[in-house]
Amino acid sequence: MESIEIISKHQLPRKLTQEIAGHISYIWENHPKLRDIFKQFHQKKILDETTEYFWNELDRICADDYIPNKQDIINVRYRTTGITEKKFEINE
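Residues numbered from 1 in each chain as written. Predicted model: local features only at pLDDT ≥ 70, side-chain atom pairs only at ≥ 80, totals over all residues. Heavy atoms only, no water.

1. Overview of the overall build of the protein chain
Then step 1. Along its length, the protein chain carries six helices and zero strands.
Then step 2. Listed by position from the N terminus, the elements making up the protein chain come as α-α-α-α-α-α.
Then step 3. In the protein chain, which comprises 92 residues, the share counted as buried stands at 21%.
Then step 4. For the protein chain, the share of sequence-separated contacts (at least 6 apart) that also reach a separation of at least 24 residues comes to 33%.
Then step 5. Per element, the accessible surface of the protein chain, about 8,300 Å² overall, is 53% carbon and sulfur. (Helix = DSSP H or I, 4+ residues; strand = E, 2+ residues; numbered from the N terminus. Buried < 20%, exposed > 50% of the residue type's maximum accessible area, 1.4 Å probe, protein only. Contact = heavy atoms within 4.5 Å. Areas by Shrake-Rupley, 256 points an atom, 1.4 Å probe, with all protein chains shown as cover.)

2. Points about the packing of aromatic side chains
Within a pair of aromatic rings, the relevant descriptors are the distance that separates the centres and the angle that separates the planes.
Then step 1. Throughout the structure, instances matching the rule amount to two aromatic pairs.
Then step 2. Their ring planes at 65° and their centres at 5.2 Å tell us that Trp28 and Trp55 sit as a pair that is edge-to-face. Taken together, the residues span a long stretch of sequence, with Trp28 in helix H2 (residues 18–30) and Trp55 in helix H4 (residues 49–56) at a distance of 27 residues.
Then step 3. Residue Trp28 is classed as buried on the basis of its relative accessible area, which comes to 3%.
Then step 4. Of the residues examined, Trp55 reaches a relative accessible area of 22% and is grouped as partly exposed.
Then step 5. A centroid spacing of 4.9 Å and a plane angle of 80° characterise the contact between Tyr53 and Phe54, whose relative ring orientation is edge-to-face.
Then step 6. You can call Tyr53 buried: its relative accessible area is 18%. (Phe/Tyr/Trp six-rings, centres within 6.5 Å; stacked < 30°, edge-to-face > 60°.)

3. Describing the pattern of salt bridges
Then step 1. Scanning the entire structure with this criterion turns up two salt bridges.
Then step 2. Among the salt bridges present, the one from Arg60 reaches Glu57, with a minimum N-O distance of 2.9 Å.
Then step 3. Residue Glu57 is classed as partly exposed on the basis of its relative accessible area of 25%.
Then step 4. With its nearest N and O atoms 2.7 Å apart, the salt bridge here joins Asp72 to Arg60. (Salt bridge = Lys/Arg side-chain N within 4 Å of Asp/Glu carboxyl O.)

4. Describing the nonpolar core
Then step 1. Core analysis: the biggest nonpolar cluster contains five residues, these being Ile20, Ala21, Ile24, Leu58 and Cys62.
Then step 2. It is H2 that contributes the most residues to this core, three residues altogether.
Then step 3. With residues up to four places along the chain from it excluded, the contact list for Ile20 reads Ile6 and His10. (Core = buried A, V, L, I, M, F, W, Y, C linked by side-chain atoms within 4.5 Å.)

5. Focus on the environment of Lys15
Then step 1. Within the secondary structure, Lys15 sits in the loop between helix H1 (2–8) and H2.
Then step 2. According to the relative accessible area criterion, Lys15 is exposed, its value standing at 57%.
Then step 3. Along the primary structure Lys15 and Cys62 are separated by 47 residues, whereas in three dimensions their C-alpha atoms are 8.8 Å apart.

The following block contains the structure:
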């Protein structure tokens with residue numbers, strides 16, 4: 001429970017430090033209820049499926065020299081409402 005308490009008290013600015021990543025990893029690896037939530041995810045849409053991807057990549061992501069790779073970019077979700085149209089002119 002110590003990790004949950006530390007994460008819940010984490011103040012702004014919220015930077016993903018090694019310490020916080022360690023606590024998130026600990027909770028992810030040691031609390032079966034959290035894993036059960038992901039098993040039920042498809043039925044109840046509790047957490048976005050990309051959340052699991054990023055939690056599994058915490059060690060890499062919290063590194064000081066972290067640069068997002070293609071898979072990171074693909075897994076970032078931006079909520080949209082409706083359709084957004086963009087027009088581009090291509091000069092030949």
